Amino acid sequence: MRAAPGARPEETAMSRAASIPIIPASFFGMVLGLVGLGTAWRAAAQLWGAPAVIGESVMLLGVVVWAVVLVLYAAKWFVARGLAIDEARHAVQCCFIGLAGVATLLVALAALPYARPLAFVLFGLGALFTLGFAVWRTGGLWHGDREAAATTPVLYLPTVAGGFVTATAASAFGLRDVAQLAFGAALLSWLAIESVLLHRFYTAPRLSAALRPTLGIQLAPPAVGGVAWLSLGGDPGGVVALGLLGYALLQALVLLRLLPFIREHGVSAGYWAFSFGATALATLSLRVAASGTTPFVTGLAPLIFVAANVLVVGLAVGTLRLLLAGKLIAPAAPLPQPAPAATLGPAH
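Below, the structure is looked at part by part. (Residues numbered from 1 in each chain as written. Predicted model: local features only at pLDDT ≥ 70, side-chain atom pairs only at ≥ 80, totals over all residues. Heavy atoms only, no water.)

Another aspect to go through is the pattern of salt bridges. Throughout the structure, instances matching the rule amount to 3 salt bridges. Notably, a salt bridge pairs Arg42 with Glu56, separated by 2.8 Å at the nearest N-O pair. Of this pair, Arg42 sits in helix α2 (residues 28-48) while Glu56 sits in helix α3 (residues 52-79), placing them 14 residues apart in sequence. We note a salt bridge from Lys76 to Glu87, for which the minimum N-O separation is 3.0 Å. Of the two residues, Lys76 sits in helix α3 while Glu87 sits in helix α4 (residues 81-89), which places them 11 residues apart along the sequence. Here the two residues Lys76 and Glu87 agree in accessibility, since each one is buried. (Salt bridge = Lys/Arg side-chain N within 4 Å of Asp/Glu carboxyl O. Helix = DSSP H or I, 4+ residues; strand = E, 2+ residues; numbered from the N terminus. Buried < 20%, exposed > 50% of the residue type's maximum accessible area, 1.4 Å probe, protein only.)

Shown next, in the form of structure tokens:
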């Protein structure tokens, strides 16, 4: 859409914004779910001889979604800069920005068997963005002045998800020392944040309906952490891998119990928050089963794998329906207004 002659810059930006979808950073979660499912299919191909083309096709779809979301999100900073800044200052939505780096790391892993130099460049860019955003976001959190309503599992995304995926990707590129550093940062961040979240769940008012889908992220740390541990050379039949798998299974069962509570929000793209943890759980169970020393997990792995596929396919179909109905992009979940002093700094 061309601006009228003599239009002011802000009017030109508004006309451009009207023709470009203004997407939230949380859409990068779709990439995590799709590439995560492709990773699970790669593990299934190694363990069961499943058709490799399925996993690679799902990963290709994830790469395409990543490219589209990345372009649209970058465009948001040019055509709707005010909205982008508001999102970056939002106490909950800002954490999803970190998924841009995590998604890029996963795309690097998807591309690794086909174009190692390009994959390494993507790894470097993804790792640097992930680290930079994690430091910025954590520094904002240390300012304090937060409402309890803003404390949700999205707090895991910058440091925990970012650190564990960096560890997995760095291992794939042979950067063992980098992988170990990232794993340690993610593991200790997870333990610290988990205690804060559980205290909030136990003692503060219940999450608003719009924020409840973020509970799906609760599944990710033990599952993604387990995959990262195995990428570092951990014993797939050892106590650490099985312990992380056990805790991930516990989280999955708790989330199943909470589904009626979570679904009060209705259908939305926010349910992709479940996908990365679910697909990582499938990958972890398959790699543990491949050790040949865990008969119980060997029997359980197919069920988890099928459940992850059903979840991601269901999310993809639901997302397409929302897109066709013009309801895919929803406004950010409202939060209590922060104290005046808090509005002058970065997101807390």
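Before going further, it helps to examine unusual backbone geometry. Even without glycine at this site, Asp145 takes up a positive phi of about 60°. For Asp145, the position within the fold is in the loop between α6 (116-141) and α7 (156-172). Since its relative accessible area comes to 54%, Asp145 is described here as exposed.

Right, let's get into a nonpolar patch on the surface. Residues Leu60, Val64 and Val68 make up a contiguous nonpolar surface patch of about 260 Å² in total accessible area. Within the fold, Val68 resides in helix α3. (Patch = residues over 30% accessible without salt bridge, like charges linked within 9 Å, V, L, I, M, F, W, Y side chains within 5 Å. Areas by Shrake-Rupley, 256 points an atom, 1.4 Å probe, with all protein chains shown as cover.)

For Glu87, a relative accessible area of 8% gives the class buried. Within polar-contact distance, the side chain of Glu87 engages the backbone nitrogen of Ala25 at 2.9 Å. Setting aside residues no more than four positions away along its own chain, Glu87 makes contact with Pro24, Ala25, Tyr73, Lys76, Gln93 and Cys94. (Polar contact = N/O pair within 3.5 Å; in protein donor to acceptor, adjacent residues only side chain to side chain. Contact = heavy atoms within 4.5 Å.)

Turning our attention to the packing of aromatic side chains. This model, assessed by the stated rule, comprises 13 aromatic pairs. Seen in terms of ring centroids, Trp41 and Phe305 are 4.9 Å apart; in terms of plane orientation they differ by 70°. Their pairing is edge-to-face. Here Phe305 lies in helix α12 (residues 295-324) and Trp41 lies in helix α2, a separation of 264 residues in the sequence. Note on Trp41: relative accessible area 14%, which makes it buried. Arranged with centres 5.4 Å apart and planes meeting at 50°, the rings of Phe164 and Phe183 form a pair that is tilted. (Phe/Tyr/Trp six-rings, centres within 6.5 Å; stacked < 30°, edge-to-face > 60°.)

Helix length check: helix α11 (residues 275-289), at 15 residues, gives a terminal C-alpha distance of 21 Å against a target of 21 Å (1.5 Å per residue), a fit within 8%. Among the 15 residues that make up α11, 14 are buried, leaving the element largely enclosed by the rest of the structure. (Expected span 1.5 Å × (residues − 1).)

Our next topic: the packing of α2 against α3. Axis angle and axis distance: for two packed helices, these are the angle between their axes and the distance between the axes, and together they describe the pair. The geometry of α2 relative to α3 is characterised by a closest axis approach of 8 Å and an angle of 165° between their N-to-C directions. The orientation of α2 relative to α3 falls into the category roughly antiparallel. In terms of crossing hand, the pair formed by α2 and α3 is left-handed. When grouped by side-chain class, the residues that make up the contact of α2 with α3 number 18 nonpolar, 4 polar and 2 charged. (Axes fitted to C-alpha atoms, helices over the stretch in contact; angles between N-to-C directions. Parallel < 35°, antiparallel > 145°, perpendicular 65-115°, else oblique. Left-handed = near helix turned anticlockwise from the far one by under 90°. Nonpolar A, V, L, I, M, F, W, Y, C, P; charged D, E, K, R; others polar.)

Once that is clear, we can look at the layout of surface pockets. A volume near 820 Å³ is recorded for the second largest pocket. Every residue lining the second largest pocket is counted, 29 residues in all, and those nearest its centre are Leu256, Leu259, Phe274, Ala307 and Leu311. Elements represented by at least two residues in the lining of the second largest pocket include exactly α10 (239-262), α11 and α12. The biggest single contributor to the lining of the second largest pocket is α12, with 12 residues. Partitioning the lining of the second largest pocket into residue classes produces 23 nonpolar, 5 polar and 1 charged. (1 Å grid on protein atoms, 1.4 Å probe; cavity = no way out; pocket = protein on both sides within 12 Å on 5 of 7 lines; lining within 4 Å. Points joined across faces, edges and corners; volume = space filled by probe spheres on them.)

What follows deals with the nonpolar core. Within the largest apolar cluster, 107 residues are counted, with the highest numbers of intra-cluster contacts made by Phe28, Leu106, Phe123, Phe164 and Leu281. Setting aside chain neighbours within four positions, we find Leu106 in contact with Leu32, Val35, Val165 and Phe276. (Core = buried A, V, L, I, M, F, W, Y, C linked by side-chain atoms within 4.5 Å.)

Our next topic: the environment of Val58. Residue placement: Val58 occurs in helix α3. Assessed through its relative accessible area of 16%, Val58 is described here as buried. Spatially, the C-alpha atoms of Val58 and Gly33 are 9.9 Å apart, while their sequence positions differ by 25 residues. Those residues in contact with Val58, other than ones at most four positions away along the chain, are Leu34, Leu37 and Gly38.

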